[in-house]
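Reading the structure
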Amino acid sequence: VQLQASGGGLVQPGGSLRLSCAASGSILGYNAMAWYRQAPGKQRELVAEITYGGSTNYADSVKGRFTMSRDNTANTVHLQMNSLKPEDTAVYYCNAKRVVVGTPFTYWGQGTLVTVSS
């Protein structure tokens, strides 16, 4: 399983970025896919998640600003980030979860750096 994240970069406060995560296989094979982030000196935290059924969940800090979506044909999930704030600066990681015969498996992408600064 490979998860390839892309789309990070430097953006000014109030700007937008779109992250993408391409999976090596069908994303419909996962129970959920998610974006996490880790800022310097902080623990990794869940940003957004999309379940197999298409339901989405967001951290309170990004609700109304970030939108997670998926393209089943392209085996890709996206994170549209609007109204970015300096506190959104972090390395963003793509994550996939799968349960096989009751055993949970978690997969991580390599991370993409988002820097929000003027």
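The text that follows walks through the structure, step by step, so that each part is easy to find.

Thresholds, definitions, all that
- Residues numbered from 1 in each chain as written.
- Predicted model: local features only at pLDDT ≥ 70, side-chain atom pairs only at ≥ 80, totals over all residues.
- Heavy atoms only, no water.
- Patch = residues over 30% accessible without salt bridge, like charges linked within 9 Å, V, L, I, M, F, W, Y side chains within 5 Å.
- Areas by Shrake-Rupley, 256 points an atom, 1.4 Å probe, with all protein chains shown as cover.
- Salt bridge = Lys/Arg side-chain N within 4 Å of Asp/Glu carboxyl O.
- Helix = DSSP H or I, 4+ residues; strand = E, 2+ residues; numbered from the N terminus.
- Buried < 20%, exposed > 50% of the residue type's maximum accessible area, 1.4 Å probe, protein only.
- Core = buried A, V, L, I, M, F, W, Y, C linked by side-chain atoms within 4.5 Å.
- Contact = heavy atoms within 4.5 Å.
- Pairing = 2+ DSSP bridges.
- Axes fitted to C-alpha atoms, helices over the stretch in contact; angles between N-to-C directions.

Comments concerning a nonpolar patch on the surface
Among the surface-exposed residues, Val 100, Val 101 and Phe 105 lie close enough to one another that they form a single nonpolar patch of about 300 Å² accessible area. Of note, Phe 105 is situated in strand 10 (residues 103-108).

Some details on unusual backbone geometry
Notably, Asn 75 is not glycine yet its phi reads approximately 55°, a positive angle. Among the secondary structure elements, Asn 75 is positioned in the loop between strand 7 (66-71) and strand 8 (76-81). For Ser 83, which is not glycine, the phi torsion reads 50° and is therefore positive. With respect to the helices, strands and loops of the structure, Ser 83 is situated in the loop between strand 8 and strand 9 (90-100).

A look at the pattern of salt bridges
Per the counting criterion, the structure on display carries five salt bridges. Ionic pairing is found between Asp 60 and Lys 63, a salt bridge with its closest N-O pair at 3.1 Å. The residues Asp 60 and Lys 63 share a single accessibility class, namely exposed. Put simply, Asp 88 and Arg 65 hold a salt bridge, and the shortest N to O gap is 2.8 Å. Residue Asp 88 is located in the loop between strand 8 and strand 9, and its partner Arg 65 is located in the loop between strand 6 (56-58) and strand 7; the two are separated by 23 residues in the primary sequence. Using a relative accessible area of 1% as the deciding quantity, one classes Asp 88 as buried.

Here's the deal with the nonpolar core
Among the nonpolar cores identified, the biggest contains 30 residues, and Met 33, Trp 35, Val 77, Leu 79, Met 81 and Tyr 92 are the most heavily contacted of them. Residue assignment for this core shows that the elements contributing at least two residues are strand 1 (3-6), strand 3 (17-23), strand 4 (32-38), strand 5 (45-51), strand 7, strand 8, strand 9 and strand 11 (112-116). Other than its neighbours up to four places away in sequence, Leu 79 contacts Leu 17, Arg 18, Leu 19, Trp 35, Val 47, Ala 48, Phe 66, Thr 67, Met 68 and Tyr 92.

Notes on the sheet that holds strand 8
The antiparallel open sheet is built from four strands, whose spatial order is 1-3-8-7. If you trace the sheet from one side to the other, it starts and ends with strand 1 and strand 7, each paired once. For this sheet, the mean angle separating the axes of adjacent strands, direction not counted, is 15°. Of the strand pairs in this sheet, strand 7 and strand 8 are connected by six bridges, and their pairing is antiparallel.

Comments concerning the pairing of strand 1
Successive side chains on a regular strand alternate, one facing one side of the sheet and the next facing the other. Here strand 1 shows a buried face lined by Leu 3 and Ala 5 and an unburied face lined by Gln 4 and Ser 6. In the sheet, strand 1 pairs with strand 3 via four bridges, with the strands oriented antiparallel. Within strand 3, the position partnered with Gln 4 by the bridge is Ala 22.

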